[in-house]
Amino acid sequence: MPVLFIGHGSPMNGIEDNQFSQRWRKMAEEIPTPSAVLVISAHWLSQGTRITAMDFPKTIHDFGGFPQALFEVQYPAPGDRKLAEETVSLITSTQVELDHDWGLDHGTWTIVRHMYPEAEIPVLQLSIDYTRGPKYHFELAKELTGLRKKGVLIIGSGNMVHNLRMMAWDKINEPEFGYDWVLELNEKFKKHIVEENYDPLINYQLLGREAGLAIPTPEHYMPLLYTLGIRGAKDEVSYFNDKAVAGSLTMTSVKIG
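Residues numbered from 1 in each chain as written. Predicted model: local features only at pLDDT ≥ 70, side-chain atom pairs only at ≥ 80, totals over all residues. Heavy atoms only, no water.

Caption draft 1: Structural detail: the overall build of the protein. The helix and strand tally for the protein stands at ten helices and twelve strands. The C-alpha atoms of the protein give 17 Å as radius of gyration, which agrees with the globular expectation for 257 residues (18 Å, within 12%). Counting only residues that meet the buried cut, the protein has 58% of its 257 residues in that class. Across the protein, the fraction of contacts at a sequence separation of at least 24, relative to all contacts at a separation of at least 6, is 81%. When the accessible surface of the protein is totalled, it reaches about 11200 Å², and 50% of it is carbon and sulfur. Seen as two clouds, the 24 positive and the 33 negative side-chain charges of the protein have centres 4 Å apart. (Helix = DSSP H or I, 4+ residues; strand = E, 2+ residues; numbered from the N terminus. Rg over C-alpha atoms; globule rule 2.2 N^0.38 Å. Buried < 20%, exposed > 50% of the residue type's maximum accessible area, 1.4 Å probe, protein only. Contact = heavy atoms within 4.5 Å. Areas by Shrake-Rupley, 256 points an atom, 1.4 Å probe, with all protein chains shown as cover. Lys, Arg positive; Asp, Glu negative; His and termini not counted. Charge placed at Lys NZ, Arg CZ, Asp CG, Glu CD.)

Caption draft 2: Examining the pattern of salt bridges more closely. Enumeration over the complete set of coordinates arrives at 14 salt bridges. Where R132 meets D129, a salt bridge forms, and the shortest distance between an N and an O atom there is 3.8 Å. We note a salt bridge from E139 to K135, for which the minimum N-O separation is 3.2 Å. Of this pair, E139 and K135 are both found in helix α5 (residues 134-142), four residues apart, which corresponds to roughly one turn of the helix. In this structure, a network of salt bridges that share partners links the residues K135, E139 and K142. (Salt bridge = Lys/Arg side-chain N within 4 Å of Asp/Glu carboxyl O.)

Caption draft 3: Broad picture of the packing of helix α1 (residues 19-30) against helix α4 (residues 106-115). Two numbers describe how α1 lies on α4: the axes approach to 7 Å, and their chain directions differ by 55°. One way to sum up the angle between α1 and α4 is to call them oblique. Once α1 is placed against α4, the crossing between them reads as right-handed. In this structure, α1 uses S21, W24, R25, M27 and A28 to contact α4, whose residues at the interface are T110, I111, H114 and M115. In the contact of α1 with α4, the residues fall into five nonpolar, three polar and one charged. (Axes fitted to C-alpha atoms, helices over the stretch in contact; angles between N-to-C directions. Parallel < 35°, antiparallel > 145°, perpendicular 65-115°, else oblique. Left-handed = near helix turned anticlockwise from the far one by under 90°. Nonpolar A, V, L, I, M, F, W, Y, C, P; charged D, E, K, R; others polar.)

Caption draft 4: Structural view of the environment of K150. Within the secondary structure, K150 is located in the loop between α6 (146-149) and β8 (152-158). Classification of K150 as partly exposed rests on a relative accessible area of 47%. Residues within four places of K150 in sequence aside, it is in contact with S35 and E86. For K150, the side chain forms a polar contact with the side chain of E86, separated by 3.3 Å. (Polar contact = N/O pair within 3.5 Å; in protein donor to acceptor, adjacent residues only side chain to side chain.)

Caption draft 5: Highlighting the environment of G107. Checked against the element boundaries, G107 lands in helix α4. Since its relative accessible area comes to 0%, G107 is described here as buried. Every residue in contact with G107, bar those within four places of it in the chain, is listed here: H8, V39, S41, H43 and S157.

Caption draft 6: Quick peek at the sheet that holds β8. Read across the sheet, six strands follow the order β6-β2-β8-β1-β12-β9 without closing on themselves; strand pairing throughout is mixed. Only two strands of the sheet have a single neighbouring strand rather than two, namely β6 (123-125) and β9 (237-240). The sheet shows a mean angle of 20° between the axes of neighbouring strands, taken without regard to direction. When strand β2 (residues 36-41) meets β6, the two strands line up parallel, connected through three bridges. Residue pairing for β6: V39 is matched across the bridge by Q125. (Pairing = 2+ DSSP bridges.)

Caption draft 7: Focus on α5. Taken together, the buried positions of α5 are P134, Y136, H137, F138, L140 and A141. The inward-facing, buried residues of α5 contact β4 (49-52), β7 (128-129), α8 (199-202) and α10 (222-230).

Set out below in structure tokens:
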């Protein structure tokens, strides 16, 4: 299976028929049908690493101030305890706990409900240990590689550039509006990814002031490092939804393999 990093953006993308959700649907048509989906979402931070292991994960509405229609969405995909246990056995660098309390947060279901609307494919989430740094997450991801051979689609869900405080809300409907530093940094990120030059991406704090603005907190960026850690030596890279939104957020997404 290929590996995807998807810029998920606003929760409203979960119910809107727009350029981003349309591309997610098309992506599902372009790649093989997975046996299961494993998502590393920006919205599940934990102390230690956890993986959902319930039979039917709940749909989590982890946001506020949006239309009621968004809160009414349910995505009743099954879980897969056996796959969760298998994933735990693959990860030897740390202890991974089976979780029965979380579910599918909006970093997961807003995307997957467009890709697989029948909700028949098992969906699991792997948490992000917020006590660990970028290098740790990049290395941990390598231990997930074997899942690709079993038909599991691994998705990192976040945003490369994610600074809500600097968003130009008056330009939210202006297509592809991005601050100059955002557009420049986005191109730099893409160049490093294509060239497999991962050190600057892992040590993003050294990329200057722009990186500090783009990644004021790391949770939306870490899923990208998981995706890159899983990349194989012969995997080609392509980009989709490569657009800025309201100045300081990018929807740039990566397909590996």
